[in-house]
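Examination of the molecular architecture
Chain residues, written in single-letter form:
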Amino acid sequence: MSTIAYIGLGSNLGDSRQILTQAVSRLSTLGPVKVSRLYQSPPMGPQDQPHYYNAVAQLETVLEPLPLLDQLQAFEQEAGRVRLRRWGERTLDLDLLLYGQQSIQHERLNVPHIGLLERDFVVIPLLDLDVSLSVNGQLLQQLDLVQQSELTVLADEQWASI
């Protein structure tokens, strides 16, 4: 039986758009994928780094959460992931945001992803994919950060056509 998972994609080192396009292609090997628009956002951590490219992918998968996390981490490594400092620059960051309706607390994985409801670069792309999504009973479209977003749209949903 398959589950709908949402994966956050981010990059601010190298050719970020190409890196994210390749990540979507890799995700498509795990099941059918839809992507949000492509956004640019200011860094959440240290401000002396480039802006991020962000998107969210909706993945229909038969993988259980931890094997899916393992695949995401393998894709990051294949992309030459560089992580120089906490909340710093990244070649590729893939976060398992939501996995069906499950709530998971594990030493390696927290779902829904910690901080999801405070991050416009996650919430807005999630809404591109499903305007009726809710997390912990909170409708995403009703969050204040939806109205106060600092995101810039770089491309529509066709940016990573697979």
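Being a predicted model, the structure only gives us computed values, none of them experimental.

A closer look at the pattern of salt bridges
Pairing of side chains with opposite charge becomes possible as their charged atoms draw close. In total, this model carries six salt bridges according to the counting rule given. A salt bridge links Arg90 to Asp93, with the shortest nitrogen-to-oxygen separation between them at 2.7 Å. The exposure class assigned to Arg90 is buried, which follows from its relative accessible area of 8%.

Description of the UniProt feature "domain: 7,8-dihydro-6-hydroxymethylpterin-pyrophosphokinase" (unreviewed entry) in the protein chain
Feature annotation in UniProt places "domain: 7,8-dihydro-6-hydroxymethylpterin-pyrophosphokinase" (unreviewed entry) on residues 86-97, given in this structure's numbering. Structurally, residues 86-97 is divided into 0% helix and 42% strand, and its ends, taken at the C-alpha atoms, are 19 Å apart.

Here we look at helix α1 (residues 16-27)
In a regular helix each residue adds 1.5 Å, so twelve residues correspond to 16 Å; α1 covers 16 Å between its end C-alpha atoms and thus fits that length. Along α1, the residues classified as buried are Ser16, Ile19, Leu20, Ala23, Val24 and Leu27. Buried residues of α1, viewed axially, fall in a sector of 140 degrees; they line one side. Of the surrounding secondary structure, the elements contacted by the buried residues of α1 are β1 (3-11), β2 (33-35), β3 (38-41), β4 (52-61), α2 (65-78) and β5 (93-99).

As for the nonpolar core
Core analysis: the largest hydrophobic core is formed by 30 residues, its most contacted members being Ile7, Leu9, Leu27, Leu68, Leu94, Leu96 and Trp159. At the level of secondary structure, the elements contributing two or more residues to this core comprise β1, α1, β2, β4, α2, β5 and β7 (109-111). Considering every element that reaches this core, the biggest residue donor is α1, with five residues. Beyond its immediate sequence surroundings of up to four residues, Trp159 is in contact with Arg17, Leu20, Thr21, Val24, Val35, Ser36, Arg37, Leu38 and Ala55. In terms of nonpolar packing, the next biggest core, distinct from the first, is built from 20 residues, Leu97, Leu98, Val123 and Leu151 among them.

Conventions used here
- Residues numbered from 1 in each chain as written.
- Predicted model: local features only at pLDDT ≥ 70, side-chain atom pairs only at ≥ 80, totals over all residues.
- Heavy atoms only, no water.
- Salt bridge = Lys/Arg side-chain N within 4 Å of Asp/Glu carboxyl O.
- Buried < 20%, exposed > 50% of the residue type's maximum accessible area, 1.4 Å probe, protein only.
- UniProt positions renumbered as here; feature names shortened; annotations may be inferred.
- Helix = DSSP H or I, 4+ residues; strand = E, 2+ residues; numbered from the N terminus.
- Expected span 1.5 Å × (residues − 1).
- Arc of directions from axis to C-beta.
- Contact = heavy atoms within 4.5 Å.
- Core = buried A, V, L, I, M, F, W, Y, C linked by side-chain atoms within 4.5 Å.

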